[in-house]
Structures are given as C-alpha cells and as structure tokens.
Amino acid sequence: MLRKCPTGESKSGKNFKIIDEILETEGPLDESEQETLLKEFEEIHFKTTRFWRRALGSVLMLMSTIYFYLFKEQINDPFTTKFTGQLRLVTGRKAASIFLAIQALSLIASSLLLLLRLPNTIAKSLEEPSRRSMIIMWSSLIGATCSGAYWFSRVSLNSQLQHKPGFLWDLLWEPAAAMLSCFLAIVTLQGLHDTSERLRSLRADVYRFKKV
C-alpha cells in the first residue's frame, strides 16, 4: 500500500495524491471511492499513453529522416556516405538502395502509427490496438529485421575480406538502430495495451458497497 511522507506529500508524486488518500482508508472501499480510484488510474494511463506514443513516435520520425538521407545519397551519389562507402566491395548499388528504403519506410510507418493515432480521450486510450495497427507494426519490424540481417552479413563479409577479426563495430549502428526502434515501438504499444486491459478488468470487478 502506498503511504504518505511525513510532510503529507505523496511518495508517488502529485498525480497519486488522491490514490494514496483512498488506499490509506481502512476497510473496503465504497462505490464512490472505487470510481474515484479508477478515474485517477485511467487519467494517469491516458497521460502516460500520450506521452510515450508522442515521444517514441518523434524519435522514430527523426531516425527515419536519417535513413531517408542515406537512401537519397545512395541513389544520387552511390557509396559516398561513410556507411555504404565502407561496404561498397560487398554490396551492390541496387541492393543497398532497396534495403535502406525498407528501413526508412519501416521507421516512418511505425512513427506515423504512433503519432497519428494519439488518443484524445480517456476512453480511446483504453481501447485495444486495431488489427491493422498491429499488422503495420509487425510488418515494420519484419522489414527492419530483414534489412538488418542483410547489413549484418555485409559487415561480417567485409571484415573477413579485410582480414579483421569480428565486426567493424562502427558500422553496426545502422542495421541495429532501425531494428531495435521498431521492436521498441511494439513493446511500448503492447505494454500500454496490457495496462488498459488491467484497468478494464478492475472496472469490471467493481463491487457494490456503501459506507454507513
């Protein structure tokens, strides 16, 4: 159970002040206290959902511009960037362009899904992700993973040709960043969905009781 600090300030912060006060009452909670508690949890979840979707979506949008830049440079002036330039002996011009484009599109798809579908009400923040949304997110992860696997193989082959043991570690950011970002987007969305499920379950378990 959450407890108050000696000063009366909640350890959990101002957002949890009402929750602390209700949870510190003895005996079962009546209907009004249960409703107040649920509303506080739902409001916190609503704010948390908007914050993480906006923050992560913005990061993915920024990263997608980096990959679009690499793609554009590969099209206009092949193998001039540091990443593709070091791998020019082990990859083709078209292959490099295709996999860079897949990575950029994977990131932008995940980013737009997070940013354009921000819930504007508490009720919407409690809804399950649509089937189409999850298909887009998983497709983005698969695309980023396939592209990452290709680049990992090119980096490994390049290291072997240069007779250097292991990977060229300065090149691993490119395949890893897109893959991990798309994975993080799914984990975040799933985590928020799990919380909303718990809140719906709590609301379904509300019992009738009034204090005399």
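Every value quoted in this text rests on a predicted model; they were computed, and no experiment measured them.

### Considerations on the side chain of serine 133
Tracing the backbone through its elements, the reader meets serine 133 in helix α6 (residues 131-161). Looking at serine 133, the relative accessible area reads 6%, which means it is buried. At a separation of 2.7 Å, a polar atom in the side chain of serine 133 contacts the side chain of serine 130. In this structure serine 133 touches Leu113 and Arg117, once residues within four positions along its chain are discounted.

### Notes on the environment of proline 175
Residue position: proline 175 is located in helix α7 (residues 173-204). Judged by relative accessible area, which is 0%, proline 175 ranks as buried. With 72 residues separating them in the primary sequence, proline 175 and glutamine 103 have C-alpha atoms 8.5 Å apart. With sequence-adjacent residues up to four places away left out, proline 175 is seen in contact with Phe83, Gln103, Gly148, Trp151 and Phe152.

Parameters at a glance
Residues numbered from 1 in each chain as written. Predicted model: local features only at pLDDT ≥ 70, side-chain atom pairs only at ≥ 80, totals over all residues. Heavy atoms only, no water. Helix = DSSP H or I, 4+ residues; strand = E, 2+ residues; numbered from the N terminus. Buried < 20%, exposed > 50% of the residue type's maximum accessible area, 1.4 Å probe, protein only. Polar contact = N/O pair within 3.5 Å; in protein donor to acceptor, adjacent residues only side chain to side chain. Contact = heavy atoms within 4.5 Å.

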